Amino acid sequence: MAADNRNTRQELYDRIRESSKDAVVLEEMKRMGFWAKNDNAPSVPELLIKKESELNKELQKLYQEKWKYQNKEAALKEMRLKRMAETKLKREETKKKKEQQRLEKAEAWKKQKETEIIYLGEGVSIGLNNIENNVAALQKNNLPVFNNENELANAIGIPLKELRFLSFSRKVSTVSHYRKFYIPKKSGGKRLISAPMPRLKKVQYWVLQNILNKVAIHPAVHGFALQRSIISNAQQHIGKSVVVNIDVKDFFPSIHYKRVKGLLQQLGYSEKIAVILTLLCTEAITEEVTIDGKNYFVQKGERVLPQGAPTSPAITNILCHKLDKRLQGLATKCQCSYTRYADDITFSFNNAEVNAQQLVWRIKKVLTDEGFTVHPEKIRIMRKGASQEVTGIVVNEKLGINRKKLRQFRAVLHQLKTKDAAELKWGNGNLASAVSGYANFVKMVKPLQGTTFQKQIDTLLQTQRLQYPATEIKAPTSNNQTPPPAPNNSSENKEDDKPWWNVT
C-alpha cells in the first residue's frame, strides 16, 4: 500500500507541476463531490483557477523555450538529433522505394527478355532499339519482311531463346559454334576452316536460301552462284591472246562485321534485324585456352566472315557488286573479258594495244579502293604460246585439263593396283580424298573420262586399296602447336583449293 500511496502522490505532483495546485485541488474536489458541478454557470473562483492553470502552462512552456535558447549547445544537439532522425527515416523510405523499383525493373526485364532480344553482347548491341524496316527496299529486292525478332525466329523455325543463343557475342565463352580444322592449300601451307555446328549451320542455310540467294549479283560472278561454276567461268576466256589472273589475299577475313551489317541495312532490314543476321553469319577471331582442365574460347579480334560457313560466299558476292561493276567497266574500256570466281579474278583479251602490266596495276588499284589486298605471289600473265589456265581449266583453244597432270593421275591409279597407298602421293593429305577430288574435277570438264576415273577409284575402295580418313585434324589451341596435315579433296586445280562444301 505504501508503494501505491507514493505512486498516487507522484501523480499529484506531476499534475500540479503541469497546471497549478489550486487547479488540481478543484478537480479533486469535483471528483469527490465536495464542489457543486454546474457546467452551465461556473463560479468566478473556478474560472480564475482555470485561467491561472492555463497561464501557468504557457508560462512553463515559455520558461522551457527560454532555457533552450539560453543553452545553445542543448538546442543545437536537439536540432541535430531531430534532423538525423528525419534523415534516417527518409533514407529508409528511399531504400525501400529503390528496392521495390529494382524488383519491378528486374521482373519487367525478365518478362521483356522472354519476348524480345534486348542485348547481344558488348560492342554489338548498339542499334537493337531501331526496328524500322525500309519496306520499299525489301520489296524491290524481293526479300521477306521481319518487323521484329519474333517474326524472324518463327520464319526460321526456332524458339526466340535459341536465336538469342546462336547470335550472342561473348568475349569469353565455354561454347563455340564452330569446329575448326586445317586443310592443305594447293600452293602450300594450310587453310583454316571454321565449319559451323549443326544448329547454326541449319540457320545459316535458311538465311542463304531465303535471303541471300534472292539478291541479284553481278553477271561476271561465277563462284557460288546458281547455274554457274568453274566451267562457265573458264568459258569466257577461251582462245584469248592474253589471260591475266589475280588472287585476293584473305578474301573472307577481309569482310568484317560492320560491312555485313551495313549491307543488310542497305537491302532494307532494320538495324535490329541486321545485327541479328550479321551475328549469325560472322565469327569473332578467337583463341582456345585451357584453364584448370576447362576449355575457354577468348575473343582476340573483330568478327569476320568465316571460311566454311555456307553464307560467306553469297555475302561476298553481294558485297562485291560495286567491285565487280568497276572491274567490268575497266574490262569494257580495255576490250577485255572479265569474270570473278570468289577471290579469283580473271581478265582476258585479244587487243594487242592493251598493256598487261598496266592492266594489272589498274586492277590492283580498284581492289585496294574497295578494301581488298592482292596476293603478291598469285599474279599470273599467261600468253597464247604457253598453257593458259582459269580456275584449273586449260582455255587455250577449248576447255581442257593439263595433259601432264592427267598422265600422272593415270599412273597413280595404275600403281594403286599393285602398290600400297602409303607408298604413293597425289596432292596433299589423304590419298583417297585427293584422287576422288581430282576425279570429280575431271568429270566436270570431261564427263566420260571423269566417270571412268571414278569407277576405278570405287573398285580400289572396295578392294581396300584406298581408305578415306577416319578423323579430321583440329586447329591448334593456345599452345601454338602445328597439327599434322589434314585430309584433302584437292589436287591441282583452283576449285580443289576451296573447301569441298563450297564447290558449286
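Here the structure is a predicted model, which is why all the values come from computation and not from measurement. (Residues numbered from 1 in each chain as written. Predicted model: local features only at pLDDT ≥ 70, side-chain atom pairs only at ≥ 80, totals over all residues. Heavy atoms only, no water.)

**Q** Could you give an account of the overall build of the chain, naming the residues involved and the relevant values?
**A** For the chain, the count of helices and strands is 17 helices and 11 strands. Across the 504 residues of the chain, 41% fall into the buried class. Counting only contacts in the chain whose residues sit at least 6 apart along the sequence, the fraction spanning at least 24 positions is 68%. Accessible area of the chain: about 29,700 Å², with a carbon and sulfur share of 51%. (Helix = DSSP H or I, 4+ residues; strand = E, 2+ residues; numbered from the N terminus. Buried < 20%, exposed > 50% of the residue type's maximum accessible area, 1.4 Å probe, protein only. Contact = heavy atoms within 4.5 Å. Areas by Shrake-Rupley, 256 points an atom, 1.4 Å probe, with all protein chains shown as cover.)

**Q** Which residues make up the sheet that holds strand β4 (residues 242–249), and what values do they have?
**A** Pairing is antiparallel across the open sheet formed by four strands, whose spatial order is β7-β8-β4-β9. Each of the sheet's edge strands pairs with one partner strand only, and the pair in question is β7 (337–341) and β9 (373–383). For this sheet, the mean inter-axis angle between neighbouring strands, taken without regard to orientation, is 15 degrees. Inspection of the sheet shows β7 paired to strand β8 (residues 344–349) by five bridges, in the antiparallel sense. Bridging from a neighbouring strand, Y338 pairs with F347 of β8. Contacts from helix α13 (residues 321–333) reach β7 and β8, with the element oriented near 155 degrees to β7. (Pairing = 2+ DSSP bridges. Axes fitted to C-alpha atoms, helices over the stretch in contact; angles between N-to-C directions.)

**Q** Describe unusual backbone geometry, listing the residues and the values that go with them.
**A** When glycine is set aside, most residues are seen to have a negative phi, and most peptide bonds are trans. The backbone of D250 shows a phi angle near 50 degrees, a positive value even though the residue is not glycine. Relative to the helices and strands, D250 is located in the loop between β4 and α10 (257–267). Of note, the phi angle at T391 is positive, near 50 degrees, even though the residue is not glycine. Tracing the chain through its elements places T391 in the loop between β10 (389–390) and β11 (393–394). Here T391 falls in the buried class, since its relative accessible area comes to 1%.

**Q** So what's going on with the packing of aromatic side chains? Residues and values would help.
**A** Any two aromatic rings considered together are summarised by their centre-to-centre distance and by the angle between their planes. Per the counting criterion, the structure on display carries 12 aromatic pairs. A ring pair is formed by F409 and Y438, whose centres lie 4.8 Å apart and whose planes are at 55 degrees; its orientation type is tilted. One end of the pair, F409, is in helix α15 (residues 403–415); the other, Y438, is in helix α16 (residues 431–445), with 29 residues separating them in the sequence. We note that F409, like Y438, is buried. Ring pairing ties together the aromatic residues F409, W426, Y438, F441 and F453, which thus form one cluster. (Phe/Tyr/Trp six-rings, centres within 6.5 Å; stacked < 30°, edge-to-face > 60°.)

**Q** An account of a positive patch on the surface is requested, with residue identities and associated values reported.
**A** Positive charge collects at one region of the surface, where K398, R403, K404, R407, R410 and K446 lie side by side. Mapped onto the elements, K446 comes out in the loop between α16 and α17 (447–462). (Patch = residues over 30% accessible without salt bridge, like charges linked within 9 Å, V, L, I, M, F, W, Y side chains within 5 Å. Salt bridge = Lys/Arg side-chain N within 4 Å of Asp/Glu carboxyl O. Lys, Arg positive; Asp, Glu negative; His and termini not counted. Charge placed at Lys NZ, Arg CZ, Asp CG, Glu CD.)

**Q** Describe in detail the environment of S53, supporting the description with residues and values.
**A** Mapped onto the elements, S53 comes out in helix α3 (residues 44–70). Judged by relative accessible area, which is 9%, S53 ranks as buried. Along the sequence, S53 and S20 sit 33 residues apart, while their C-alpha atoms lie 5.4 Å from each other. Excluding residues that lie within four positions of it along the chain, S53 makes contacts with S19, S20 and A23.

**Q** Any chance you could break down helix α12 (residues 312–319) for me, citing the residues and the numbers?
**A** Within α12, eight of the eight residues are buried, which leaves the element mostly enclosed by the surrounding structure. Taken as a whole, α12 has its buried residues at S312, P313, A314, I315, T316, N317, I318 and L319. The inward-facing, buried residues of α12 abut α8 (198–210), α10, α11 (271–281), α13 and β7.

**Q** Mind laying out the pairing of strand β5 (residues 283–291), listing which residues take part and the relevant values?
**A** With eight bridges joining them, β5 and strand β6 (residues 294–304) adopt antiparallel strand pairing. For T290, the partnering residue across the bridge sits in β6 and is N295.

**Q** Which residues make up α17, and what are the values?
**A** Given a rise of 1.5 Å per residue, 16 residues ought to cover 22 Å, and the 23 Å separating the end C-alpha atoms of α17 matches this to within 8%. Taken residue by residue, α17 has Q449, G450, F453, I457 and L460 as its buried positions. The buried side chains of α17 occupy one side of the element, clustering within an arc of 95 degrees when seen end-on. In this structure, α17 carries L448, K455 and Q462 as exposed residues pointing more than 90 degrees from its buried face. Buried-residue contacts for α17 involve α15 and α16. Just beyond α17, the residue with positive phi is Q464, at close to 65 degrees. (Expected span 1.5 Å × (residues − 1). Arc of directions from axis to C-beta.)

**Q** For the packing of α10 against α11, give the residues involved together with the corresponding values.
**A** Interhelical geometry of α10 versus α11 gives an angle of 135 degrees and a closest axis separation of 9 Å. On the basis of their axis angle, the class for α10 and α11 is oblique. Crossing angle aside, the handedness with which α10 passes α11 is right-handed. Taking contact as the criterion, the partners of Y257, V260, K261, L264 and Q265 in α10 are, on α11, E271, A274, V275, L277, T278 and L279. Looking at the contact of α10 with α11, its residues break down into seven nonpolar, two polar and two charged. (Parallel < 35°, antiparallel > 145°, perpendicular 65-115°, else oblique. Left-handed = near helix turned anticlockwise from the far one by under 90°. Nonpolar A, V, L, I, M, F, W, Y, C, P; charged D, E, K, R; others polar.)

**Q** Any chance you could break down the nonpolar core for me, citing the residues and the numbers?
**A** If you look at soluble globular proteins, the nonpolar side chains tend to sit buried side by side. Core analysis: the biggest nonpolar cluster contains 70 residues, and L152, L163, I211, L277, F347, L359 and L367 have the highest contact counts within it. It is α11 that provides the largest number of residues to this core, a total of eight residues. The residues contacting L152, other than those within four sequence positions of it, are F146, L163, W206, I273, I276 and L277. Membership of the second largest hydrophobic core comes to 32 residues, among which are V243, I393, L431 and I457. (Core = buried A, V, L, I, M, F, W, Y, C linked by side-chain atoms within 4.5 Å.)

**Q** Kindly report on the environment of K57, identifying the contributing residues and their values.
**A** Relative to the elements of secondary structure, K57 occurs in helix α3. Overall, the relative accessible area of 48% leaves K57 in the partly exposed class. Between the alpha carbons of K57 and E18 there is a distance of 6.2 Å; along the sequence they are 39 residues apart. Those residues in contact with K57, other than ones at most four positions away along the chain, are E18 and S19.

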